[in-house]
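These are the residues of each chain, in order.
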Amino acid sequence: MAAAGKNLNPGAEARAKKGWLKASRWLILRRLSQLVVLALFLVGPLADAWIAKANRAMPVGEQSRITQVGGVPSAKSDQPSASAARTAATQAEPWWIVKGNMASSLTLGVLPLTDPYVLAQQIAAGHWPLTTALIGAGIVLVFYLLVGGRVYCAWVCPINMVTDAADWLRNKLGIKGGARFSRDTRYWLLGATLLVAAVTGTLAWELVNPVTMVFRGLVFGMGLAWGVIGMIFLLDLLVSRRAWCGHLCPVGAFYSLLGFVSPLRVSAANRAKCDDCMDCFAVCPEQQVIKPALKGADKGLGPVILSGNCTNCGRCIDVCARDVFQFDIRSHNTSTPGVIKKREVLP
Amino acid sequence: MAEQQQGKGMSPARRQFLTDTVRTACGVGLVALGLGLYSRNTRALPAEAIRPPGALTEHDFLGACVRCGLCVRDCPYDTLKLARPGEPVTLGTPYFTARDIPCEMCPDIPCVKACPTGALDPKLEKIEDSRMGLAVVIDQESCIAFQGLRCEVCFNVCPIRNKAITLEFRHNERTMKHAIFIPIVHSDACTGCGKCEKSCILEEAAIKVLPMHLAKGMLGRHYRLGWEEKREAGGALVTPDLPHQYNLPDGMRYEHGGRGLIQSPTAPGVEMPSGPALEAIPRRGGGL
């Protein structure tokens, strides 16, 4: 917290030294990734709406509509207009890249993907899903087991942009302190959501889950979901730093469980170069994960950030003027060979 | 005493840890309780919201549907939509409003095929077997057919024509010379697609699709219809009625369901007593 206060402009040194682009590249890539994921889901609906609009302007479409409304309404005469609409719909098929939303989707008509956390709620609620959903969840699980569970949070989840914006503004306005609650609250919430699903037999958490609500809203129509975005923003801005993603969100908690084994990790490989500027602490959404890796050399800890709650966002790599951090493999958790390697065996 | 000692022996860190844990647990417990109660409140589906074909019963559906919208995407007629925050339908679940866009009953049922979880039952193979709801002629006072006017639009647009909705002819008591064409819905054929509700010519539809549990009554479970049981069993299941014993004057007998009161020709001397009670007895065929 104190670190955040000191660094009202974290990353300034890195930008001056490495240039703006190099000091922001992971952030830019991350925003790109978030937007591309969203775009993949939106191409279909937008193209569909465009085709529908074009169809409505066409006289043939107009004719079929009239037949449907005013024509002799027998089952036979209804058929042509119905099949015409059907053809228009099939013409739109190729435009779909990804159908559905984050809970479950179908890519290019073949690849099913299902959110394993939503599926876990479903199973807790007492419904065994079809093979499609199980395969989809399996693919997602394997992916995040490889790249790090909370890569979902940093690179995919649309709420991340909201909470990052809130944190940025919190820094700019110099808002400090606020409510304090444990970062483990999210695991309690994760358990509670599964328990409530089991007790009520419904996916109760999905009634309020801002993550799925906002993504579904962006793809299928927002309704009052804007209000939820506002609530999360204000929570992170005024109530507590990184309150949602860093303390409460059970979706992130679920994915963090996959991060404890993933090979892809951030490593403070050049930690000897660290000059304690605290910029990485200031930007990190999960500050507690840095210390053991960056400052653990004396205690015999390796430089790889092992915590499943590291989101692999790479912001620390960006803002470090001395290039202490880099993406690395979990097994490279040995620092300078010799001295520390021996110590590592001890605990 | 013992507790005090324990309290003294507890390190501040341990005490802090326990306090924090209890605090978090209580907070999360409250959230869970609120969530559970809220989920119970949202379980009621508004009558005008109809689930897609093959949807499990509402309770099972809410435990099975992951709110992904794949059924919505594969619906070629934009019939289905996902409930948005603020709408009275459970958040994110698919439904349609018959009066806006009814179900066109695609024979290949793409919405069911799209469902990855089985919330829309893949066992539904023929769309005619789906029961999304049941059409009910809900207001006979405004339905113009009941006024003796020719309409029959619901009858004609019905995809299961002349089975799900049939016309019953009644005498028009007002004009005394025309027929009234009454639409009658049959639950053994109606899928609840809602085309009738969509096409009803009234400003507010007189025929509406309702969820099954609202549309249907149910006979008491112990009830048996005698004639049905008799037909199934191939004979009466109770002791057959004894032939009725009539107490009539000599030479008279009574044929129930037949000729009525009969005077036997073998006793010509008997005179019929007269009186209003006897006059009321039907005397068909035989007689005086």
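For the structure itself, look to the data block above.
Here's a quick rundown of the structure.

So, how was this worked out
- Positions within a chain are numbered from 1, following the residues in the order the chain's sequence is written.
- Note on labels: chains are lettered from A, ligands numbered from 1, in written order.
- Whole-chain, interface and lining totals are the exception, using all residues; otherwise, since this is a predicted model, local features are given only for residues with pLDDT of at least 70 and side-chain atom pairs are given and counted only at 80 or more.
- Note that the side-chain values use all heavy atoms of the structure and ignore hydrogens as well as water.
- Only DSSP runs of H or I with at least four residues qualify as helices, and only runs of E with at least two residues qualify as strands; both kinds are numbered from the N terminus onward.
- Classification of residues uses two cut-offs on accessible area relative to the type maximum, computed with a 1.4 Å probe and protein chains only: under 20% is buried, over 50% is exposed, and between them is partly exposed.
- Contact between two residues is taken to exist if any of their heavy atoms lie within 4.5 Å; hydrogens are not considered.
- The method behind every accessible area is Shrake-Rupley, applied with a 1.4 Å probe, and residues are considered shielded solely by the protein chains displayed.
- The term salt bridge refers to a side-chain nitrogen of Lys or Arg lying within 4 Å of a carboxyl oxygen of Asp or Glu.
- Counted as a polar contact is a pair of N or O atoms within 3.5 Å, where, for protein atoms, one must be capable of donating a hydrogen and the other of accepting one, and residues adjacent in sequence contribute only when both atoms are in side chains.
- What counts as an axis is a line fitted to C-alpha atoms, over the stretch in contact for a helix, and the angles between N-to-C directions run from 0 to 180 degrees.
- Should an angle fall under 35 degrees it is called roughly parallel, over 145 degrees roughly antiparallel, and 65 to 115 degrees roughly perpendicular, with every other angle called oblique.
- Left-handed describes a crossing whose near helix is turned anticlockwise from the far helix by less than a right angle; the clockwise case is right-handed.
- Summed over both partners, the accessible area (1.4 Å probe) lost when two parts come together is defined as the buried area.
- Within this scheme, the nonpolar core is defined by two criteria: the residues are buried Ala, Val, Leu, Ile, Met, Phe, Trp, Tyr or Cys, and they are joined through side-chain atoms within 4.5 Å.
- Here a cavity is any set of points on a 1 Å grid over the protein atoms alone where a 1.4 Å probe fits but cannot get out, and a pocket is any open set with protein on both sides within 12 Å along at least 5 of 7 lines; a residue lines the site when it has an atom within 4 Å of a point.
- Grid points are joined across faces, edges and corners, and a volume is the space filled by probe spheres set on the points.
- Throughout, the ten residues Ala, Val, Leu, Ile, Met, Phe, Trp, Tyr, Cys and Pro are labelled nonpolar, Asp, Glu, Lys and Arg are labelled charged, and all others, Gly among them, are labelled polar.

### Focus: the overall build of chain B
1) Next: The helix and strand inventory of chain B stands at ten helices and eight strands.
2) Next: With 288 residues in all, chain B has 40% of them scored as buried.
3) Next: For chain B, restricting intrachain contacts to residue pairs at least 6 apart in sequence, the fraction spanning at least 24 positions comes to 58%.
4) Next: When the accessible area of chain B is evaluated, it comes to approximately 17,400 Å², of which 55% is carbon and sulfur surface.

### Examining the pattern of salt bridges
Residue and element names in this part refer to chain A.
1) Next: Counting across every chain of the model gives 23 salt bridges over all chains.
2) Next: The partner of R30 in a salt bridge is D164, and the shortest N-O contact between them spans 3.1 Å. Here R30, found in helix α3 (residues 25-57), pairs with D164, found in helix α9 (residues 159-173); they are 134 residues apart in sequence, far enough to count as distant. The pair formed by R30 and D164 is uniform in burial state, with each residue classed as buried.
3) Next: Among the salt bridges present, the one from E286 reaches R183, with a minimum N-O distance of 3.1 Å. A residue pair is termed long-range when its members are at least 10 positions apart, and E286 in the loop between α15 (279-283) and α16 (290-295) and R183 in the loop between α9 and α10 (185-200) qualify at 103 residues.

### Here's the deal with the side chain of H247 of chain A
All names here are of chain A.
1) Next: Position of H247 relative to the elements: it lies in helix α13 (residues 243-248).
2) Next: A residue is classified by how much of its surface remains accessible, and H247, at 8% relative accessible area, is buried.
3) Next: Looking at H247, its side chain comes within polar contact range of the main-chain oxygen of R242, at 2.8 Å.
4) Next: With near-sequence residues (within four places) excluded, H247 lies in contact with F181, S182, R183, T185, R186, R241 and R242.

### A look at the packing of helix α11 (residues 210-220) of chain A against helix α12 (residues 225-239) of chain A
Residues and elements named next belong to chain A.
1) Next: Running from amino to carboxyl end, α11 crosses α12 at an angle of 135°, the nearest separation of the two axes being 9 Å. In terms of their interaxial angle, α11 and α12 are classed as oblique. Here the hand of the crossing between α11 and α12 comes out left-handed. Between α11 and α12, the contacting residues are P210, M213 and V214 on the first element and A225, V228, I229 and I232 on the second.

### Concerning the interface of chain B and chain A
1) Next: Taken together, the contact pairs 49 residues of chain B with 52 residues of chain A.
2) Next: Taken together, both faces of the contact between chain B and chain A bury some 4,100 Å²; the carbon and sulfur share is 65%.
3) Next: In this structure, the connection of chain B to chain A is made through one salt bridge.
4) Next: Note that D74 of chain B and K99 of chain A form a salt bridge whose closest N and O atoms lie 2.5 Å from each other.
5) Next: On inspection of chain B and its partner chain A, the count reaches 13 residue pairs in polar contact (both at pLDDT 80 or more).

### Notes on the nonpolar core
1) Next: Of all hydrophobic cores here, the largest spans 116 residues; its most connected members are Y144, Y152, W244 and F325 of chain A.
2) Next: Considering every element that reaches this core, the biggest residue donor is α11 of chain A, with six residues.
3) Next: Apart from the residues lying within four places of it in its own chain, the contact partners of W244 of chain A are I159, T163, W205, P210, V211, I232, L235, D236, C249 and P250 of chain A.
4) Next: Counting nine residues, the second largest nonpolar core, distinct from the first, contains A103, A197 and L203 of chain A together with C68 of chain B.

### Brief notes about the layout of surface pockets
1) Next: When its volume is computed, the second largest pocket comes out at roughly 920 Å³.
2) Next: For the second largest pocket, the lining is made up of 34 residues, of which F181, S182, T185, H247 and L248 of chain A are closest to its centre.
3) Next: Counting only elements with at least two residues in the lining of the second largest pocket, the list comes to α10, α11, α12 and α13 of chain A together with α2 (12-41) of chain B.
4) Next: Per-element tally for the lining of the second largest pocket: the top contributor is α2 of chain B, with eight residues.
5) Next: Per-class residue counts for the lining of the second largest pocket are 18 nonpolar, eleven polar and five charged.

So, to be careful, I would describe these as geometric facts and stop short of saying anything about function.
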